Amino acid sequence: MWLKRTFKIFLLLLLLLALSFSLFIGSVYIGVFGPLPSESDLLEITNEEASLVYASDGTLIGKFFAENRTNIRWEDLPEGLVEALIATEDRRFFEHSGIDSRSYLRVIFKTLMLGDRSSGGGSTITQQLVKNLYGRGDHSFLSLPVSKVREALIAYRKEKVLSKQEILLLYLNSVPFGEEVFGVEAAAKRIFDKNAKDLHVEESAVLVGLLKANTWYNPRLYPENAVGRRNQVLQLMAEVGYLTDEEADRLTNLDLQLKYTNYQLESPAGYFIAQVRNRTEEILARLRDENGVPYDIRKDGLTIHTTLDSKLQGQANEAALAQLKKMQPLLDRELQYYGMRDIWEAKMLETYFDPASWKEKHKMEILTTEGLKTMNMSVSDSLWHYYKMLHAAVLAVDPEKGKVLAWTGGNHYRYLPYDLIYAQRQIASTVKPFIYAAALEKGFGPCDYFDNSLHEYEEYDGWMPENYDKSHSDKMKVAMWYALSRSLNLPTVDIYFQTGHEEISDLIRRFGLNAPYKETPALALGALDASLYELTRAYSGFANGGFIPDELIMIEKITDAEGNIIYEQAGAGRSKVMESVVSEEITRMLELAVREGTGQKMVSQYGIRSDLAGKTGTAQNYSDAWFICYTPDLVVSTWMGASSPEVHFRSGKGSGSVLALPVAGKILSGVSHSPQEREKYLTSFVWTHEVADTAFCEPFREKGLSGLINRMFKRETDPDETKIIEDTVLESPKEDRSKFRKFFDKLFRKKNKKKKENKER
């Protein structure tokens, strides 16, 4: 009797439990805890997809995304990846309808009753997909059961509208792998730097193993854990029959071969990618998709094809870093010798900071030429570190088509995002080719001669320019070609006055530089601010027969997620800024500057034997160092300096030929050692006969009547004789005077005259 009553109570409780469970499921089904997506909603699901940025050779260089995801097609999924997923997560995937009752029974009896947590979970791949797509809501203590029931109901509904193949593809395109990476394609790129279709079986096993715990099995953070989990996945594949025992054993003995790539942290072209994003968003603002909806660069899976040469970009990065590593310690020593930190600290404390917290040390991460380092530093240490830091910028373009080939805007985009390619700095002697071009347009020629003597211009506040090395000559004039190739200041000033400010400033503005309208003789020596971007575009006019591109191009075309072209660059327009013969004459003189003048290290030190024209530039007090060089198919511009013009070398180490030229030298040296790049970029100039004869006139001529008589009866100057003249006629009185003579010079010097030394080169 008692047993019968107990049994009835048990049945009643069981019935009530079943009824309650049914009511609970029904309430979830009818939307008491939120509406379920309809079958039509499930058919319309698409994953947000990152937009990808590619270099001209197809190398992936960047991504823009809300979620870091790149969708993959079924035909590109490796078989081993699908098999690893099925063996590990849902062995009966192809047998159930979204809900696996056998898995639920296993969870109830093995996991809950017997405590065997290794027996696995009860969620199918379809249910996991639902969880990834819709997440889980907050319903207090009912949150977990509500979420589980919702996932089961939606999974069952999804299996009715999608094929197994479509479900697997949607799952593999949406599943999170940690580090804000979604989908197997993005994960393969992040961990192995390859497309998912190229994954080996053991690599696929690593990715599938990550799904159990994104952090604990992260192969970068915990490689031993990742290997253990990978081997477990391989053994599960062998149990199902996807691998033989021998294959599984062989694969478990392989080392973990990672090639970790994070384009958000360590992009090889971070500054370039930032500019591409700005330009892409400007383009997309004018476009609409087939439904009239604006494109979203973060979600629509666009592909952006750029002009960047990834190999040249790598060479630019390496060359800039190598020069920074070499020159930063030298600058540090000079600054220490002159006590510059004490001067700087006194100014900072007086204006900005509380002395009490100035020297207190903390652990902080800083950027060095050796990479990121964590160090104990005070506020003073940190600010001084970045204040005295040298920076390098490199821009390389195709002068004819205006395509950007390399763009290094600074030392590290993530930590120093300001793009120095747009920074306005004093351009120094890089302005001289424009001065000389204006003179050529006025009718002067490379074999005309100009004054190389010292003058004090009282009408310009006693301005007294000098040559970089203090040399001058009261007896000899200098040929235009020689003055430009050696970057002599005194003849350049003479050219400025003989040509006229209006003609010179007009030409400079034609090249896109902002020349002053008011007469400014110091303009001849570089008293003008411009950016590396503006100068590179301007020098393209010399390389391209007098034509400059209207803009520098970065984007070739943009395609949508289906591969349809939505934007294509038609080609940059170009503007004629000078006659081709003038550009050829300037180029010939600048080629001589590289062969035997201020840029000769390109030949002697870096072994560039190809045709190359170039110009150095050293701003006043060595605050900015420039070097711009070009062939008919490549312009390479380099700049180096500190963020503040107050930080600089006090010696020739800060000159353009010492500080900036080596960056270009290393880049072009790399180009010259690659047959493909050499043929593409180091092409030859083609001269007219007249232009080719530029350097055959004498570099010097005597002034006055004696010079005229000598020219009438004198033979052509022998090269050896030219060398003798060059060595003897350029006087350097300040360097050669005895201490006794210098004393009397100082004693009786006119005190009322204002003399300004200009150290431009």
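The shown structure was predicted, so the numbers you read here are calculated from the model rather than taken from an experiment.

Caption draft 1: Inspection of a negative patch on the surface at higher detail. A surface patch of like charges, here negative, comprises Asp-245, Glu-246, Glu-247 and Asp-249. Summarising the element assignment, Asp-245 is placed in helix α11 (residues 245-252).

Caption draft 2: View of the pattern of salt bridges. Tallied over the full model, the rule gives 28 salt bridges. A salt bridge links Lys-325 to Glu-370; the shortest N-O distance between them is 3.9 Å. In this pair, Lys-325 is assigned in helix α13 (residues 310-337) and Glu-370 in the loop between β7 (361-368) and β8 (371-378), connecting sequence segments 45 residues apart. On the accessibility criterion, Glu-370 (53% relative accessible area) is exposed. The salt bridge involving Lys-359 is made with Glu-345; its shortest N-O contact spans 3.1 Å. With Lys-359 in the loop between α15 (355-358) and β7 and Glu-345 in helix α14 (residues 340-351), the pair connects residues that are 14 residues apart, well separated along the chain. Take Glu-345: its relative accessible area is 10%, and that puts it in the buried class. Salt bridges linked by common partners bring Arg-341, Glu-345, Lys-359, Lys-361 and Asp-381 together as one network.

Caption draft 3: Quick look at unusual backbone geometry. Look at Lys-470: it is not a glycine, yet its phi comes out positive at around 75 degrees. Structurally, Lys-470 is set in the loop between β12 (449-450) and β13 (476-479). A positive phi is found at Ser-487, a non-glycine position, where the angle reads about 55 degrees. Mapping Ser-487 onto the fold places it in the loop between α18 (480-485) and α19 (489-499).

Caption draft 4: Summary view of the state of the cysteines. Under the counting rule described, the total for this entry stands at one disulfide. With its sulfur 2.1 Å from that of its partner, Cys-447 forms a disulfide with Cys-697. Looking along the S-S bond of the Cys-447-Cys-697 disulfide, the torsion reads about -90 degrees, which is the left-handed sense. One end of the pair, Cys-447, is in the loop between α17 (432-442) and β12; the other, Cys-697, is in the loop between α26 (689-692) and β22 (700-702), with 250 residues separating them in the sequence. Classification of Cys-447 as partly exposed rests on a relative accessible area of 32%.

Procedures and definitions
Residues numbered from 1 in each chain as written. Predicted model: local features only at pLDDT ≥ 70, side-chain atom pairs only at ≥ 80, totals over all residues. Heavy atoms only, no water. Patch = residues over 30% accessible without salt bridge, like charges linked within 9 Å, V, L, I, M, F, W, Y side chains within 5 Å. Areas by Shrake-Rupley, 256 points an atom, 1.4 Å probe, with all protein chains shown as cover. Salt bridge = Lys/Arg side-chain N within 4 Å of Asp/Glu carboxyl O. Lys, Arg positive; Asp, Glu negative; His and termini not counted. Charge placed at Lys NZ, Arg CZ, Asp CG, Glu CD. Helix = DSSP H or I, 4+ residues; strand = E, 2+ residues; numbered from the N terminus. Buried < 20%, exposed > 50% of the residue type's maximum accessible area, 1.4 Å probe, protein only. Disulfide = S-S within 2.5 Å.

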